[in-house]
Amino acid sequence: MKKSKILFVDDDPNLLAAFQRNLRGQFSFDTALGGVDALRLLQSQGPYAVALVDMRMPGMDGIEVLEKIRELSPDTVRMMLTGNADQKTAVDAVNRGQVFRFLNKPAPPEVLVPSLEAAIERYERLRVERELLEGTLTGSIKMLTDALGLAAPDALGRGQRLRDCVAKLACQLKAESIWELELGALLSGIGCAAIPHSILEKAAAAEPLLTEEAAVLRRVPQIGHDLLADIPRLAGVADIVLYQHKHFDGTGFPADSVSGAAIPLGARMLKIFQDRLELEADGVVKQRAFETLKSREGVYDPVLLTQCFVCFGTFLANAVAADRPVLTLNARQLVPGHVVVSDIVTRSDLTLVSAGHRLTASIIQRIANFAEIGDLKEPLLVQDSPPEELRSAAA
């Protein structure tokens, strides 16, 4: 296992030389003569488990250096070496640099060594916890997308297309936390997994719904929110799902006081993209689509609406592309990431996957099950995704 590294930062070359004499063999470390050198090493030789930074240095002082390290390498445990730890210095170091521990000069080995060992232990513990959290999050997302793909494949396919739209617009806007916006779009229909299939079929076919059926369908965003809200790091995604039908003026679902810019950015995007998809399905495109949406006063964020049509001047993102060859395959040849060109249906005309969907491992397994019992119309028409759009099976 690679040894955790420490970065010592001081403007005193004699002190850095003392660190090298006294600590070599006990720790893996680099030394930096001041803040500029430290940031250069951080970017070229990092990551570092621990950074021990002197407070009083010319140019960039220790607090500035620690603040920059926090921005560039938030996992690095930050420590301060100071000769005068006054109250203001301590407060600034904690607030701006989030310092783990203060050491007073001169720091003898019997103080320095256990402090560094404690900092490394903290770094390793946080790293393991983060890896466990990320693994849990990845597994949870895969489970949710698999469940949605099996229970409501059309909802997953729509989510895939919405994700592609949101990703492109978010990049154009230079938005933060793009992963959260993409995931909110992908899982926007996750509540459909809890809706009776008969209701979803009627809605997809635009058949009239009974009053109680319509009420169940309106609860999809709330159901989706409740499924996501308790998963670590997905609270923001849950809010995007909850507010996806909210109008910019505050009307619509949910019936609360949230309006305008207080509505999550991802939800404001989804409201525009979902309604534009419906217009495109009815043949209303380009400028006509823009004018139609613009005429719905108070429904959309006006800035985002304009940006949507700047980003997608003709049509929204579509996984099926005219410039990619169509592959004629059987069920055994399908792989995750294949884009369905023509609906995949059973011999009894049940649609398993609609055109435009990207196949996941779980959906492919479902198709294979129908093929195994002889209830699948083959061959199947699919395309490869372009390299930049290939997603994991969980997506």
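Everything below is about the structure shown above.
What counts and what doesn't
- Residues numbered from 1 in each chain as written.
- Predicted model: local features only at pLDDT ≥ 70, side-chain atom pairs only at ≥ 80, totals over all residues.
- Heavy atoms only, no water.
- Phe/Tyr/Trp six-rings, centres within 6.5 Å; stacked < 30°, edge-to-face > 60°.
- Helix = DSSP H or I, 4+ residues; strand = E, 2+ residues; numbered from the N terminus.
- Buried < 20%, exposed > 50% of the residue type's maximum accessible area, 1.4 Å probe, protein only.
- Lys NZ or Arg CZ within 6 Å of the ring centre and 35° of its normal.
- Pairing = 2+ DSSP bridges.
- Axes fitted to C-alpha atoms, helices over the stretch in contact; angles between N-to-C directions.

> Would you mind showing me how to read the packing of aromatic side chains here?
Two descriptors summarise a pair of aromatic rings, namely the distance from one centre to the other and the angle between the planes of the rings. Scanning the entire structure with this criterion turns up 4 aromatic pairs. Ring geometry for Phe273 and Phe312: centres 5.8 Å apart, planes at 85°, overall edge-to-face. Of the two residues, Phe273 is situated in helix H12 (residues 265–281) and Phe312 in the loop between helix H14 (302–311) and strand S6 (327–329); the sequence distance between them amounts to 39 residues. Given the relative accessible area of 1%, Phe273 is considered buried. Overall, Phe312 belongs to the buried group, its relative accessible area being 5%. Between Phe290 and Phe309, the ring centres sit 5.0 Å apart and the planes meet at 65°, which makes this aromatic pair edge-to-face. Here Phe290 is found in helix H13 (residues 286–294), whereas its partner Phe309 is found in helix H14, with 19 residues between them in sequence. Across the pair, exposure class does not vary: Phe290 and Phe309 are buried alike. Chaining the aromatic ring pairs together yields one cluster made of Phe8, Phe19 and Phe29. A cation sits over an aromatic face here: Arg233 above Trp179, 5.5 Å from the ring centre.

> Sorry, what's going on with the sheet that holds strand S4 (residues 77–82) here?
Through backbone hydrogen bonds, the strands of a sheet pair up, either in parallel or in antiparallel fashion. The 5 strands are arranged S2-S1-S3-S4-S5 in an open sheet whose pairing can be described as parallel. The open sheet has two edge strands with one neighbour each: strand S2 (28–32) and strand S5 (101–104). Across the sheet, the axes of successive neighbouring strands diverge by a mean angle of 20°, strand direction being ignored. Pairing between strand S1 (residues 5–9) and strand S3 (residues 50–54): 4 bridges, direction parallel. Paired with Val9 across the two strands is Val53, which belongs to S3.

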